[in-house]
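# Secondary and tertiary structure notes
The chain contents come next:
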Amino acid sequence: MLNSKVISNGSIETAYYERGNGETLVLLHGFTGSKLDFHDQLDWFSDTYRVLAPDQRGHGESTNIGTAEGYALDVLVADLEGFLTAAGVQRCHLLGHSMGGMVAMRFALAHPQRLHSLMLMDTAAEPLTLFPAALRDKIIAEVLEMGCAFRLDTMRAMPMSDAAARGRDFLGADEHWRRIELKLNQMDPHAWAGLSNEMSSQASILDQLRSVRIPTTVLVGEFDTPFVEPSARMAEAIPGARLEIIAHAAHCPQYENAEAWRDVVTAHLAGFARGTHQKPTPQGDN
């Protein structure tokens, strides 16, 4: 296992993994995730890039705020800016997964000068309604009362698709469930509450994405049904964006079809290096 580093980031402490040297590549996890979601992928890029994988607030080993009001997408955007500054990063390549993608796209709108390029993975620019409101509220109440790990038995009992099984097998079943249990135990229940409500009620920023001029790839697992059409709409909205659909994968293609996911990320980075992506106007570098 990689050793965690911790950096002061405004009013919180941000834990992160770091490997390699060169231009910076940041891998930003999603809801209920952590830097562990990219633990096995950092070395794939560390020969060429300085790869950073932070825990967002309320997740992993970063600070738990303890109030739902302390969690919002705009707050996570500010956290990301603070983390990059504290880590000495002026500009980076940014990949955001799921909720991390929602943060990444808002970061791109607010701070385009901080990005070389952008990858939006299994995410959406629109409100996310994975559960009916009544069920979402019930789950939030249970999590606030009993903790996020209360959901583990339910997750274990859910039918597993072939794509999800590929992800489990990538790590091995024991390690797969160990990591999920660890992430749930580390997560602030108030982060679950605040961010569940935030993602379901967020205003669409699809039209705003039409102003993005950063080289962008939108990638999504072919079986990640809630995100396939939103991904196509984002790719259509962002000028010059590429849509990459990863075969045999669902919501976590870095596990479910790891080789194909690595090829897509590598091609994105190589395209930027060759200049086949349109580069943003230079405003400083790292």
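These numbers were taken from a predicted model, which means no experiment stands behind them.

### Notes on the overall build of the chain
Across its full length, the chain holds 11 helices and eight strands. Relative to a compact globule of 286 residues, whose C-alpha radius of gyration would be 19 Å, the chain shows 18 Å and is just as compact. In terms of principal-axis extent, the alpha carbons of the chain reach across some 50 × 40 × 40 Å. By residue count, 53% of the 286 residues in the chain fall in the buried class. On the chain, roughly 12,100 Å² of surface is accessible, and the fraction owed to carbon and sulfur atoms is 50%.

### What to know about the nonpolar core
Ranked by size, the top nonpolar core spans 56 residues in total, and within it Leu84, Leu94, Leu115, Leu118, Trp192, Leu209 and Met234 carry the most contacts. By residue number, the principal contributor to this core is helix H3 (residues 99-110), which donates seven residues. Those residues in contact with Trp192 that sit more than four places away from it in its chain are Phe31, Thr32, Ile139, Ile140, Val143, Cys148, Arg151, Leu184 and Met187. One finds Phe45, Ala53, Ala249 and Leu269 within the second-largest nonpolar core, a separate group that totals 20 residues.

### As for H3
Here H3 contains 12 residues, and its C-alpha end-to-end distance of 17 Å stays within 8% of the 16 Å for a straight helix at 1.5 Å per residue. The buried fraction of H3 is high, at 10 of 12 residues. Three or more residues of H3 are buried, namely Met99, Gly100, Gly101, Met102, Val103, Ala104, Met105, Arg106, Phe107 and Ala108. Those residues of H3 that are buried are in contact with strand E3 (23-28), helix H2 (73-86), strand E5 (92-97), strand E6 (115-121), helix H8 (189-201) and helix H9 (225-237).

### Here's the deal with the sheet that holds E6
Spatially, E1-E2-E4-E3-E5-E6-E7-E8 is the arrangement adopted by the eight strands of the open sheet, whose pairing is mixed. Edge strands, defined here as strands with exactly one partner in the open sheet, are strand E1 (5-9) and strand E8 (242-246). Ignoring which end each strand starts from, the neighbouring axes of this sheet average 25° apart. Along the sheet, H2 makes contact with E1, strand E2 (12-19), E3, strand E4 (49-54) and E5, crossing E1 at roughly 115°. Its contacts with the sheet place helix H11 (residues 258-274) against E3, E4, E5, E6, strand E7 (216-221) and E8, and it is angled at close to 155° to E6.

### Points about empty space enclosed by the protein
The full count for this structure, using the stated rule, is one cavity of 30 Å³ or more. Taken together, the elements giving at least two residues each to the lining of the largest cavity come down to E2 and H2. Residue composition of the lining of the largest cavity, by class: six nonpolar, three polar and three charged.

### A few points about the packing of helix H4 (residues 133-146) against H8
Their axes nearest at 8 Å, the elements H4 and H8 cross at an angle of 165°. Judged by the angle between their axes, H4 and H8 are roughly antiparallel. Along this stretch, H4 crosses H8, giving a crossing that reads as left-handed. The residues of H8 that touch H4, namely those facing Arg136, Asp137, Ile139, Ile140, Val143 and Leu144, are Pro189, His190, Trp192, Ala193, Ser196, Asn197 and Ser200.

### Describing the pairing of E2
On a regular strand, one side chain projects to one face of the sheet and the next to the other, so that they alternate. Note that E1 and E2 share five bridges and pair antiparallel. Each residue of the ladder has a partner; that of Asn9, found in E2, is Ile12. Linking E1 to E2, which pair antiparallel, is a turn of two residues; within it Gly10 sits at a positive phi near 65°. One ladder, built from four bridges, connects E2 with E4; its direction is antiparallel. When the bridges of E4 are listed, Tyr16 appears paired with Pro54.

### Topic: the packing of aromatic side chains
Enumeration over the complete set of coordinates arrives at six aromatic pairs. A ring pair is formed by Trp44 and Trp261, whose centres lie 6.1 Å apart and whose planes are at 55°; its orientation type is tilted. Taken together, the residues Trp44 in helix H1 (residues 42-45) and Trp261 in helix H11 connect sequence positions 217 residues apart. Residue class for Trp261 comes out buried when judged on its relative accessible area of 0%. Through a chain of ring-to-ring contacts, three or more aromatic side chains come together here, namely Phe38, Trp44, Phe45 and Trp261. Across from the ring centre of Tyr17, 5.2 Å away, lies the NZ or CZ of Lys35, which sits over that ring.

### A look at the environment of Val103
Among the secondary structure elements, Val103 is positioned in helix H3. Beyond its immediate sequence surroundings of up to four residues, Val103 is in contact with Leu28, Gln56, Leu73, Leu76, Val77 and Leu80.

### What about the layout of surface pockets?
It is a probe the size of a water molecule, rolled over the atoms, that shows where empty space is left. Looking at the largest pocket, its volume works out to about 1,700 Å³. Every residue lining the largest pocket is counted, 46 residues in all, and those nearest its centre are Thr32, Met155, Met158, His251 and Cys252. Residue assignment for the lining of the largest pocket shows that the elements contributing at least two residues are H4, helix H6 (162-171), helix H7 (173-186), H8, H9 and helix H10 (253-256). Ranked by the residues each element gives to the lining of the largest pocket, the list is headed by H7, at six residues. When grouped by side-chain class, the residues that make up the lining of the largest pocket number 24 nonpolar, 14 polar and eight charged.

Cut-offs applied
- Residues numbered from 1 in each chain as written.
- Predicted model: local features only at pLDDT ≥ 70, side-chain atom pairs only at ≥ 80, totals over all residues.
- Heavy atoms only, no water.
- Helix = DSSP H or I, 4+ residues; strand = E, 2+ residues; numbered from the N terminus.
- Rg over C-alpha atoms; globule rule 2.2 N^0.38 Å.
- Buried < 20%, exposed > 50% of the residue type's maximum accessible area, 1.4 Å probe, protein only.
- Areas by Shrake-Rupley, 256 points an atom, 1.4 Å probe, with all protein chains shown as cover.
- Core = buried A, V, L, I, M, F, W, Y, C linked by side-chain atoms within 4.5 Å.
- Contact = heavy atoms within 4.5 Å.
- Expected span 1.5 Å × (residues − 1).
- Pairing = 2+ DSSP bridges.
- Axes fitted to C-alpha atoms, helices over the stretch in contact; angles between N-to-C directions.
- 1 Å grid on protein atoms, 1.4 Å probe; cavity = no way out; pocket = protein on both sides within 12 Å on 5 of 7 lines; lining within 4 Å.
- Points joined across faces, edges and corners; volume = space filled by probe spheres on them.
- Nonpolar A, V, L, I, M, F, W, Y, C, P; charged D, E, K, R; others polar.
- Parallel < 35°, antiparallel > 145°, perpendicular 65-115°, else oblique.
- Left-handed = near helix turned anticlockwise from the far one by under 90°.
- Phe/Tyr/Trp six-rings, centres within 6.5 Å; stacked < 30°, edge-to-face > 60°.
- Lys NZ or Arg CZ within 6 Å of the ring centre and 35° of its normal.

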